[in-house]
Amino acid sequence: MKHFFMKKYIFAGVFLLILFTFGITNFIYQFDGMKTTFKEYGKITNQSDVKNLISKVEATANDKLLFKIDFIETYGYIQKLLGKSEIDNFTYGKDKNGYLNYASFYREDNSKLMEYAKQMRRLKESVESTGAKTLFINPPGKYQGHNSVFDSGFPVKDPNLVQDEFLLNLQSNGVETLDLRKPILESGLPYDKLFYKTDHHWTIEAAFLGFRAILSDMKSRYGLNVDPDGFYSDINNYNKYTYPKSMLGSMGRNTGINYSGLDDFTFITPKFKTDLVWESINLEGIKKRTEGSYEEAVLRLDLLTSSSKIYTVSKYDAYSQINPWDKITNKNNPNGPKILCIRDSYFSPTLSFLAPLCSEIDMIWPLATSSKVDIEKYLKENKFDYVFVELYPDNIDDEAFTFFKNK
């Protein structure tokens with residue numbers, strides 16, 4: 001009996017030693033990341049700052065975990081062997097065609113949708129005196145019932161309900177809307193060309209369809225015909241390059257290649273000449289400026305060929321990683337429309353396709369947690385012809401609606 005307990009003590013001691021060693025090693029591995037996090041978010045002025053710091057520390061700890069990729073891939077492989085259609089305690093669900101979606105056991109009602117609609121109305125009223133037109137643009141979510149087929153009773157998250165309610169609230173507040181779900185989903189492009197299996201974003205092909213739908217809407221709604229002969233909206237005037245099995249989206253990075261697989265990535269660039277300037281301020285407040293052709297100014301071509309970064313960045317980010325503030329200036333069209341777009345990452349490629357038809361496109365990402373842009377002040381200091389607001393359904397929340405709050 002004494003020998004039996006001795007083996008238990010030895011096993012427990014070895015286990016604790018391994019755990020302690022891993023903890024110390026992981027602390028050293030995460031030190032620089034934690035130092036940066038405290039530098040960026042460590043200024044505490046209220047309770048909200050405390051919550052934000054805790055959230056960022058937790059995110060850094062998860063992101064910088066030693067052997068994180070190995071843990072994810074091992075876990076994903078086991079789930080695949082078990083034939084599970086859910087992973088990570090129903091964080092994600094895989095449909096019968098292998099597409100990852102967000103799971104949810106119940107609809108999370110947002111009681112503030114009407115208040116957000118009122119904030120949009122105040123934005124519209126604020127810029128009306130300058131002659132600017134305001135438009136809320138609603139992109140399609142990945143989950144579509146007739147294409148996203150799960151086992152009966154699977155708790156998948158349906159964003160369409162939130163979108164429908166919010167669009168209704170906007171219209172009741174006199175805010176014009178453009179619902180891209182119909183033109184995108186009924187375009188004739190198959191579902192597997194519209195969305196990625198491993199990511200929540202639409203594809204670059206779908207983003208191009210969104211660009212075409214915006215051109216058509218601006219012509220019918222405002223009488224603005226910036227593409228009279230249809231040259232810019234013709235896909236034949238663009239190059240298309242496909243990189244097979246080369247992209248791992250944000251969902252895939254959290255579940256592992258073993259579970260999610262890889263996506264093909266199609267890249268679209270203009271065949272025509274462009275002369276653009278792209279300026280940005282990133283989350284760390286660092287300014288950047290590039291200029292030249294579409295490829296030189298807007299795109300990050302290094303992400304297309306780098307397989308070593310597949311677990312850290314997506315090829316989707318080749319259309320400029322989203323920043324708190326970006327601006328694309330078109331030297332070839334100084335008299336074109338000037339647009340401000342308050343948006344999320346969904347719209348990066350769409351706006352880049354629109355840039356050659358405009359004189360300037362300013363982009364603000366309100367979800368940024370540092371280097372925030374004061375949108376109300378920005379509107380006072382700059383004059384625009386059009387103010388667009390675009391938000392993916394999961395981003396319709398307090399972090400996005402930082403402007404024109406009820407004071």
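Look a little higher up for the structure.
Residues numbered from 1 in each chain as written. Predicted model: local features only at pLDDT ≥ 70, side-chain atom pairs only at ≥ 80, totals over all residues. Heavy atoms only, no water.

**Q** I would appreciate a short explanation of the overall build of the protein chain in the present structure.
**A** For the protein chain, the helix and strand inventory stands at 14 helices and 13 strands. Counting every position in the protein chain, which comprises 407 residues, the buried fraction comes to 48%. Of the contacts made within the protein chain by residues no fewer than 6 positions apart, 71% connect residues no fewer than 24 positions apart. (Helix = DSSP H or I, 4+ residues; strand = E, 2+ residues; numbered from the N terminus. Buried < 20%, exposed > 50% of the residue type's maximum accessible area, 1.4 Å probe, protein only. Contact = heavy atoms within 4.5 Å.)

**Q** What should I look at first to understand the nonpolar core in this one?
**A** The tendency in soluble globular proteins is for nonpolar side chains to be buried as a group. In terms of nonpolar packing, the biggest core is built from 57 residues, with Trp202, Tyr319, Phe353, Leu354 and Phe388 touching the most fellow members. When residues of this core are assigned to their parent elements, the largest contribution, eleven residues, is made by helix 8 (residues 204–222). One finds Ile342, Val387, Ile396 and Phe401 within the second-largest nonpolar core, a separate group that totals 33 residues. (Core = buried A, V, L, I, M, F, W, Y, C linked by side-chain atoms within 4.5 Å.)

**Q** What's the story with unusual backbone geometry in this structure? I'm lost.
**A** Of all residues except glycine, most have a negative phi; of all peptide bonds, most are trans. If you check the backbone angles, Asp88 has positive phi at about 55° while not being a glycine. In this fold, Asp88 is placed in the loop between strand 1 (86–87) and strand 2 (92–94). With phi around 50°, Phe404 is a residue other than glycine that occupies positive phi space. Within the secondary structure, Phe404 sits in the segment after strand 13 (386–390).

**Q** Looking at this structure, how should I read the environment of Thr269?
**A** Relative to the elements of secondary structure, Thr269 occurs in strand 7 (residues 263–270). Apart from the residues within four sequence positions on either side, Thr269 is in contact with Tyr238, Asn239, Tyr241, Tyr294, Glu295 and Leu299.

**Q** So what exactly am I meant to see when it comes to the pattern of salt bridges here?
**A** A full pass over the atoms with the stated rule returns 18 salt bridges. As a salt-bridge pair, Asp179 and Arg181 come within 2.8 Å of each other at their nearest N and O atoms. Since its relative accessible area comes to 27%, Asp179 is described here as partly exposed. Here the salt bridges do not stand alone but share partners, grouping Asp164, Asp179 and Arg181 into one network. (Salt bridge = Lys/Arg side-chain N within 4 Å of Asp/Glu carboxyl O.)

**Q** So what exactly am I meant to see when it comes to the packing of aromatic side chains here?
**A** The description of an aromatic ring pair uses the distance of the two centres, along with the angle that the planes make with each other. Under the criterion given, the structure shown has 29 aromatic pairs. Considering the side-chain rings of Tyr196 and Phe265, the 6.4 Å spacing of their centres and the 20° angle between planes classify their relative orientation as stacked. One end of the pair, Tyr196, is in the loop between helix 7 (191–194) and helix 8; the other, Phe265, is in strand 7, with 69 residues separating them in the sequence. For Tyr196, a relative accessible area of 3% puts it in the buried group. For the ring pair Phe401 and Phe403, a centre distance of 5.6 Å and an interplane angle of 50° mean the geometry is tilted. Its relative accessible area of 1% is what places Phe401 among the buried residues. Assessed through its relative accessible area of 1%, Phe403 is described here as buried. Of the aromatic side chains, those joined through ring pairs into one cluster are Tyr196, Phe208, Phe211, Phe231, Tyr232, Tyr238, Phe265, Phe267, Phe272, Tyr319 and Phe353. In this arrangement the basic side chain of Lys94 is found over the ring face of Tyr259, its NZ or CZ atom lying 3.9 Å from the centre. (Phe/Tyr/Trp six-rings, centres within 6.5 Å; stacked < 30°, edge-to-face > 60°. Lys NZ or Arg CZ within 6 Å of the ring centre and 35° of its normal.)

**Q** Sorry, what's going on with the packing of helix 4 (residues 113–128) against helix 5 (residues 160–172) here?
**A** The axes of two packed helices give the description: the angle between them and the distance between them. Across the interface, helix 4 lies against helix 5 with an axial gap of 9 Å and an inter-helix angle of 45°. By the angle between their axes, helix 4 is oblique relative to helix 5. In terms of crossing hand, the pair formed by helix 4 and helix 5 is right-handed. Two secondary-structure elements touch here, helix 4 through Leu113, Met114, Tyr116, Ala117 and Met120 and helix 5 through Val162, Glu165, Phe166, Asn169, Leu170 and Ser172. Taken together, the residues of the contact of helix 4 with helix 5 sort by class into eight nonpolar, two polar and one charged. (Axes fitted to C-alpha atoms, helices over the stretch in contact; angles between N-to-C directions. Parallel < 35°, antiparallel > 145°, perpendicular 65-115°, else oblique. Left-handed = near helix turned anticlockwise from the far one by under 90°. Nonpolar A, V, L, I, M, F, W, Y, C, P; charged D, E, K, R; others polar.)

**Q** Can you help me understand the sheet that holds strand 1 in this one?
**A** Sheet architecture is open: three strands sit in the order 1-2-3, paired in antiparallel fashion. Single-partner strands in this sheet number two, and they are strand 1 and strand 3 (100–102). (Pairing = 2+ DSSP bridges.)

**Q** How should I be thinking about empty space enclosed by the protein in this particular structure?
**A** Where empty space is left in the structure can be found by rolling a water-sized probe over the atoms. Within this structure, the stated rule accounts for four cavities of 30 Å³ or more. Taken together, Asn101, Tyr102, Lys142, Tyr143, Lys157, Pro159, His200, Met251, Tyr392 and Asp394 make up the lining of the largest cavity. (1 Å grid on protein atoms, 1.4 Å probe; cavity = no way out; pocket = protein on both sides within 12 Å on 5 of 7 lines; lining within 4 Å. Points joined across faces, edges and corners; volume = space filled by probe spheres on them.)

**Q** Looking at this model, I keep getting lost on the sheet that holds strand 8 (residues 276–281). Mind explaining?
**A** Think of a sheet as strands paired side by side through backbone hydrogen bonds, with each pair either parallel or antiparallel. Pairing is mixed in the open sheet, where eight strands are placed in the order 5-4-13-11-12-10-8-9. Here the strands that pair on one side only, and so sit at the sheet edges, are strand 5 (177–179) and strand 9 (287–292). Along the sheet, successive strands turn relative to each other by an average axial angle of 15°, direction set aside. Bridge count between strand 4 (residues 133–138) and strand 5: three bridges; the pairing is parallel. Bridge pairing links Phe136 to Thr177 in strand 5. Docked against the sheet, helix 5 engages strand 4 and strand 5, running at close to 165° with respect to strand 4. Helix 8 rests against strand 4, strand 5 and strand 13 of the sheet, and its axis sits at about 140° to strand 4.

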